[in-house]
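These are the residues of each chain, in order.
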Amino acid sequence: MPERLLPDAGGRTLAQARQRFLTVDPFEPEGVRQAILASWWRSRDSKVAADHLQTVYVRDPELDTPLTRSAEPVLRHLADQLDGQPVSIVLTDAAGVVLSRITADAALERQLDRVNLAPGFCYAEGVVGTNGIGTALEAGRAMHVFGHEHYAENLEQLACAGVPIKHPMSGKTVGVLDLTCWRRDAGPLLVTLAKTTAEQIRQALLTETGMQEIELLNAYLRACRHSSGMVFALNNDVVMMNETARSTLADGDQASLLRHAAEALASKSSTSTVELPSGIQVRLATRAVHGAGRVAGGVVDVRVVSGAEVTSAPPIHRMLLPGLVGTGTLWRRACLEAESVHRAGGWLVLEGEEGSGKLALVRALHQRVDPGGRSGVVDGAECAVDQARWLDEARRTVAGDGTIIVRHLDRVPAVPLRALVAALQDTAGRPGPWVAVLTREGETGPDLTRLLQLCPTTVHVPPLRHHVEDVQQLVPFLLQRLGAGQLTCSPEAMQVLLRSHWPGNVAQLLEVLRHVLRHRRTGTVLLTDLPPAVQSLNRRRLSTMESLERDAIVLGLQDVGGNKAQAARSLGMSRATIYRKIHDYGISSQTS
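The following refers to the structure shown. None of these values were measured; they are calculated from a predicted model. (Residues numbered from 1 in each chain as written. Predicted model: local features only at pLDDT ≥ 70, side-chain atom pairs only at ≥ 80, totals over all residues. Heavy atoms only, no water.)

Each pair of packed helices can be summarised by the angle the axes make with each other and by the distance between the axes. Viewed as axis vectors pointing N to C, helix H11 (residues 329–344) and helix H12 (residues 358–369) meet at an angle of 50 degrees, and their least axial separation amounts to 10 Å. Classed by the angle they form, the pair H11 and H12 counts as oblique. Between H11 and H12 lies a crossing whose hand is right-handed. Along its contact with H11, which presents Ala334, Cys335, Ala338, Glu339, His342 and Arg343, the element H12 presents Leu361, Leu365, Arg368 and Val369. Its residues assigned to classes, the contact of H11 with H12 comprises 6 nonpolar, 1 polar and 3 charged. (Axes fitted to C-alpha atoms, helices over the stretch in contact; angles between N-to-C directions. Helix = DSSP H or I, 4+ residues; strand = E, 2+ residues; numbered from the N terminus. Parallel < 35°, antiparallel > 145°, perpendicular 65-115°, else oblique. Left-handed = near helix turned anticlockwise from the far one by under 90°. Contact = heavy atoms within 4.5 Å. Nonpolar A, V, L, I, M, F, W, Y, C, P; charged D, E, K, R; others polar.)

Right under this line is the structure:
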């Protein structure tokens, strides 16, 4: 049932409800809109004072930005239209810091000065409680807060309607357009006018941004045509990276390069040499790109100056996603399906055995789709130390934007798990974040079911034994990540690794290589260098046709929900044959 646009914001009922919320526990939320009640709870959790304002002042906020330049003519035109009406036009940045305020009514302006709704002051919800600016930022959508709906009693005489302004290219929130008036004057027009004005600012921002982004794109494409090495381009909202950089650099190296390039652009430094987390030294040649009379961003050419023997070697394989290798059918299918879901904006469940690469896959998706964005992890394995602190940190993580990774929920007790699911349900109502939930096969429970209902798609990440041929690419790739790129694997040792069952999946392979590095760091990995547990496995290596048959059986079982009889019929084999091949190929009971 939709919420009423104009609640009894100035009436006794709402005032009494707010008073009961502040003084009575438990509280019956009669007459309070759900969005306002959720904001009150967040304000209380943030320990915002209800009986007085504790505003924060930001000295010298950035006033010359694409947002302020685009908004200025729109806001001036609106002020002319209002023609002395008691309505204040407020523009803030993405943190809720007021950048500008236009008020034609002297009495209203004096009141806004008294409550510090003025340039330089922060009106984030975590600072002043429920209000049109901060609550719109938290909810990620248009919000109106009238009268007693405000958390702080100092704001009860006011009514405000705030609308987040989204960057037209990146979709990130860059600010808020807020209209504030006296509570007694509030009406539906305030909300409608705020939405219309915010859209006009977004269109103006698109005009300025579009010209700059086109110039940056053209400069990036020219650099790619003239270079066979690593090239990328960036500004505050966009990152472009060629395939050479994506397939050569690990995730940490990519992030480090972006940070150093941004610093070089800010300091107007044309060349610099930096050491990446992997130990490789590279030289960055940075060139600023101008568009619409302003700096549109920069193009960076990257050359390896040491460690070149590691990085300049032929790529192990063209990567599907940054930092991931493998050509196995099931693995490629999982990567492509997950990327498709992410690009469509849908929340995702990655299901698979421990160590199969779920976390690596979702981090690679983040690097491909939103490399400059925020990323946070809610790890249930950390809950046992301090449940209350873990839940507070988890709530803060899911309240943010960017990529949110949720894992190890089977280790979270029922009470904090229920609270986490509730927080994620609130998050599902706003457009900013993208959530990926990592689960093991067979995880169940009512709270987990509620959470999974928020994720329309589940992608199965196959165990390593179902794409064991990828061990040939994983071994040199992981050795390079471990800083031992000069170490090669003998044919005899590789044969044993390819025949292994790998119950611990890629995580187990990584531990095997770490064991090898304890006593051999250069040269060739011999059979005797492998741990005894791996050497003792004598599983036959599959031929190409057998690998294809194994993949077909796994896919057939997945398509019919694990029913072996139906899978056998669809594959044209007997039930006895499919049972035998399931055993021979080591196909898991969960899949089958």
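That covers the picture; the talk isn't over yet.
Before going further, it helps to spend a moment on the sheet that holds strand S14 (residues 375–379). A sheet is described by the order of its strands in space; here 5 strands give the open sequence S14-S15-S16-S13-S17, paired in parallel fashion. Unpaired on one side and paired on the other, S14 and strand S17 (457–460) mark the two borders of the sheet. Shown here is a sheet whose adjacent strand axes are inclined to one another by a mean of 20 degrees, direction ignored. Where strand S15 (residues 403–407) meets strand S16 (residues 434–439), 4 bridges bridge the pair, whose relative direction is parallel. The residue bridging Ile404 from the neighbouring strand is Val435, located in S16. Packing against the sheet, H11 makes contact with strand S13 (348–351), S15, S16 and S17, and its axis sits at approximately 160 degrees to S17. Contacts between helix H13 (residues 387–398) and the sheet are confined to S14 and S15, with S14 contributing the most and set at about 145 degrees to the helix. (Pairing = 2+ DSSP bridges.)

Taken together, the buried positions of helix H21 (residues 564–571) are occupied by Ala565, Ala567 and Ala568. The arc that holds every buried residue of H21, seen down its axis, measures 165 degrees, which confines them to one face. Relative to its buried face, H21 has exposed residues pointing more than 90 degrees away, namely Arg569 and Ser570. For H21, the N-terminal capping position is held by Asn563, with its side-chain oxygen 3.1 Å away from the main-chain nitrogen of Ala565. Positive backbone phi, at 75 degrees, marks Gly572, one or two positions downstream of H21. (Buried < 20%, exposed > 50% of the residue type's maximum accessible area, 1.4 Å probe, protein only. Arc of directions from axis to C-beta. Polar contact = N/O pair within 3.5 Å; in protein donor to acceptor, adjacent residues only side chain to side chain.)

This part is about the packing of aromatic side chains. Throughout the structure, instances matching the rule amount to 3 aromatic pairs. Measuring from ring centre to ring centre gives 5.3 Å for Phe21 and Trp40, while their planes differ by 45 degrees; the resulting arrangement is tilted. One end of the pair, Phe21, is in helix H1 (residues 12–23); the other, Trp40, is in helix H2 (residues 34–45), with 19 residues separating them in the sequence. The class for Trp40 is buried, based on a relative accessible area of 0%. (Phe/Tyr/Trp six-rings, centres within 6.5 Å; stacked < 30°, edge-to-face > 60°.)

This part is about the pairing of S15. Counting buried residues along S15, 5 of its 5 residues qualify, which places the element largely inside the surrounding structure. The alternating pattern of S15 places Thr403, Ile405 and Arg407 and Ile404 and Val406 on opposite faces, both of which are buried. Direction of pairing for S14 relative to S15: parallel, over a ladder of 5 bridges. Across the sheet, Val378 pairs through a bridge with Val406, a residue of S15.

With that settled, consider the environment of Phe232. Assignment of secondary structure puts Phe232 in strand S8 (residues 230–234). On a C-alpha basis, the gap between Phe232 and Gly298 in space is 8.5 Å, while along the polypeptide they are 66 residues apart. Sequence-distant contacts of Phe232, defined by excluding residues within four places in its chain, comprise Tyr220, Met240, Met241, Leu257, Leu258, Ala261, Gly298, Val299, Val300 and Val302.

As far as function goes, none of this settles anything; it's purely spatial.
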